Amino acid sequence: MFVAALSFAYFANALSGSYMKSTITQLERRFDIPSYLIGIIDGSFEMGNLLVIAFVSYFGAKFHRPKIIAIGCILMSFGTFLIAMPHFIIGRYKIETSVRWSVNSTNNLSPCPASSESTRAVILVPISFLTVGCEQDSSVSMWIYVFLGNVLRGIGETPVQPLGISYIDDYAQSENAALYIGCVQTISIIGPVFGYLLGSLCAKIYVDIGYVDMETVTFTPGDARWVGAWWLGYLIAGTITLMSAVPFWFLPKSLPMPVDKHDTSCTPEHTRFIKDSPTMEHKFRPEEPANFHQMAKKFVPTLRSLLGNPVYITFLCVTIIQFNSLIGMVTYKPKYIEQHYGQSTSKANFVMGMINIPAVALGIFSGGVVMKKFKLGIMGAAKFAFGTSLLGYFLSLFFFAMGCENTNVAGITVSYTGVEGLSYQEQSLFSDCNLGCLCSRREWDPVCGENGITYVSPCLAGCTASSGSGRNMVFDNCRCVALVDTQPSNLTATLGQCPRRDSCDKIFPYFLALSVLSSFIISLGGTPGFMLLVRCIKPELKSLALGIYMLATRTLAGIPAPIYFGAIIDTTCLKWGNKMCGGRGACRIYNTSAYRIVYLGLTLGLRTVSFLLCISGFALLKRHIKREEKNAQTNGSGELESLRKEENSSIDCEQFIPALDCNSDRESHL
């Protein structure tokens, strides 16, 4: 029952964590924030975890572990609900649009008003109207609630893993403990699959569903302004997490100790680990009560001994660098699929949940099977992990060749005459064809001209008339379309960006296939790499080594990687949106080529550095293995000599002392 409850808690935590990553683009657009702030929000989970992990891991084991886990699950659910709270207090989602409606719904005002005093007054009214209530909206940034909610999720997750795994190891039979822990870990891998699928489903639903008439929403899920019902998934994930807390309230503080836990073959370390059980007092030798002062005195020499292990330090550095690459890549991969291949947020999340995550899970499992079947030692595990990582690295280089060209946007990626060339200057949005209109440079309401070029707004396309309503609106007499249109008589434009070229759609399936293959191969080395960490250190230092490993990877990879990846991605933005009350909002269009170079370049660049460290790591590992073999031979010959001397002494002893006494002394010494 405990394993089932813990598996459900792992599943709920993994589901909500992966759903957070699936909503990155939605949160950017909803709160009008850049990618680096999203990185801070994403890393806040690790911040909350690190705040209490040492306290909970140490003191939590001395109390009712199932109930502490239940409290952690409740905190996680409250944090998840807190993330969704801004939706209910921030008001309706307002978009920047240049589509203006007249009182008579059958006729629309001209998208290109003339630059006269009367029209200037008409157009400036909505702008001044929008400033009403801005002080209230800007007094507090709503994304702070998302940040605090994720911190609370991190605090609540802290007791689940250390207390849950230790509870299983304490009270399960030795032959079943590994199976139970494996089941829990397997369920936790399934969680992200459902998390991304939930993200895909919610991204299809409009953020204010039920509160607005969908006929008035003039953009589609593929638009850069679309925001799905991100809050709905957090309510579902929070409810599931809250349900996972219920079983732990009814589980006992301790269970009957299995018989095999009383066996005298248990190591002293194992004995100390489970001696707190009340049934163990007469099973093992009584030990000295823990003395905090003595523990503090031993901690510094123990830490110095661990950090003095060059193999461990090298492995730790390699892992931190690789985790920076992995976390940054996974965090922004759905966004990369959206921006680079023109896919909707829903489809990007679906791809992650149904294709990438299962490939990683299969790779981790297969790596463990390979290690068991071929009985890989410490050097074999190192070579296997390095080989799979290197092969995945070379496969990932092909992603550079699977690029799509920038979308043709007049005044940004191409000129109004169709000549390609990037421009970061807002002044380039104006041309002779739209100078007669009173157009705003701030708006992003793209329309697709009949010539295949996207224009930032109907006004900047020079359109003077429109017909239809909602998503079916068509703009006529667009003067800018005539500059590159082969049929000047057809000067129309429709709402939304022009679709990407067919060549980009053909590349996307190959990108998916290569992504699955590289993810599988890289994850093959996950289990052998972790076993290398366990086997390269002394048994008495294992717990401390794993603790420092978790602390270092979370502090130096989990927190900073999403932040600096997001900041670098922000540098490739070509057109920023604007907040309703002024100020820069979320990015509307990126330089596709630059995005690909910085995203893939940073990911593979970090892995290149880790491979350089691996070269020195192999040299240190070989030296370590030779030293251990030499020590083993020396200790073996010494033990054999000691046994021989003891055998001789026992023969001499039996001449004067009864054999029973001699044998008992010899047996206790052995």
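Residues numbered from 1 in each chain as written. Predicted model: local features only at pLDDT ≥ 70, side-chain atom pairs only at ≥ 80, totals over all residues. Heavy atoms only, no water.

A. Expanded view of a nonpolar patch on the surface. Nonpolar side chains collect at one region of the surface, where Ile-71, Val-246, Trp-249 and Phe-250 lie side by side and expose about 430 Å² of accessible area between them. With respect to the helices and strands, Phe-250 occurs in the loop between helix H11 (230–245) and helix H12 (268–274). (Patch = residues over 30% accessible without salt bridge, like charges linked within 9 Å, V, L, I, M, F, W, Y side chains within 5 Å. Areas by Shrake-Rupley, 256 points an atom, 1.4 Å probe, with all protein chains shown as cover. Salt bridge = Lys/Arg side-chain N within 4 Å of Asp/Glu carboxyl O. Helix = DSSP H or I, 4+ residues; strand = E, 2+ residues; numbered from the N terminus.)

B. Highlighting the pattern of salt bridges. Under the defined criterion, the tally for this structure stands at 6 salt bridges. The salt bridge partner of Glu-46 is Arg-554, with a shortest N-O separation of 3.5 Å. Of this pair, Glu-46 sits in helix H3 (residues 35–59) while Arg-554 sits in helix H19 (residues 542–558), and the two are 508 residues apart along the sequence. What makes Arg-554 buried here is its relative accessible area of 13%. Bridged by salt links that share partners, the residues Asp-223, Arg-225 and Asp-445 form one connected network. (Buried < 20%, exposed > 50% of the residue type's maximum accessible area, 1.4 Å probe, protein only.)

C. Seen up close, the packing of helix H14 (residues 310–341) against helix H15 (residues 345–373). Two elements in contact, H14 and H15, have axes whose closest approach is 8 Å; the angle formed by their N-to-C orientations is 130°. Judged by the angle between their axes, H14 and H15 are oblique. In the crossing of H14 with H15, the sense of the turn from one axis to the other is right-handed. On H15, the residues touching Val-330, Lys-333, Pro-334, Ile-337 and Glu-338 of H14 are Thr-345, Ala-348, Asn-349, Val-351, Met-352 and Asn-356. Considered class by class, the residues forming the contact of H14 with H15 number 6 nonpolar, 3 polar and 2 charged. (Axes fitted to C-alpha atoms, helices over the stretch in contact; angles between N-to-C directions. Parallel < 35°, antiparallel > 145°, perpendicular 65-115°, else oblique. Left-handed = near helix turned anticlockwise from the far one by under 90°. Contact = heavy atoms within 4.5 Å. Nonpolar A, V, L, I, M, F, W, Y, C, P; charged D, E, K, R; others polar.)

D. Quick peek at the nonpolar core. Grouped together as the largest cluster of nonpolar side chains are 34 residues, with contacts concentrated most on Leu-27, Phe-31, Ile-41, Trp-230 and Tyr-234. Counting only elements with at least two residues in this core, the list comes to helix H1 (2–22), helix H2 (24–31), H3, helix H4 (65–84), helix H8 (143–157), helix H10 (174–204) and H11. Residues Ile-453, Phe-475, Ala-493 and Ile-589 belong to the second largest nonpolar core, which totals 30 residues. (Core = buried A, V, L, I, M, F, W, Y, C linked by side-chain atoms within 4.5 Å.)

E. Seen up close, the pairing of strand E7 (residues 584–590). For E7, the buried fraction is high: 6 of the 7 residues fall into the buried class. Bridge count for strand E6 (residues 573–578) against E7 is 4 bridges, and the pairing is antiparallel. Looking across to E7, one finds that Asn-578 is bridged to Arg-584. (Pairing = 2+ DSSP bridges.)

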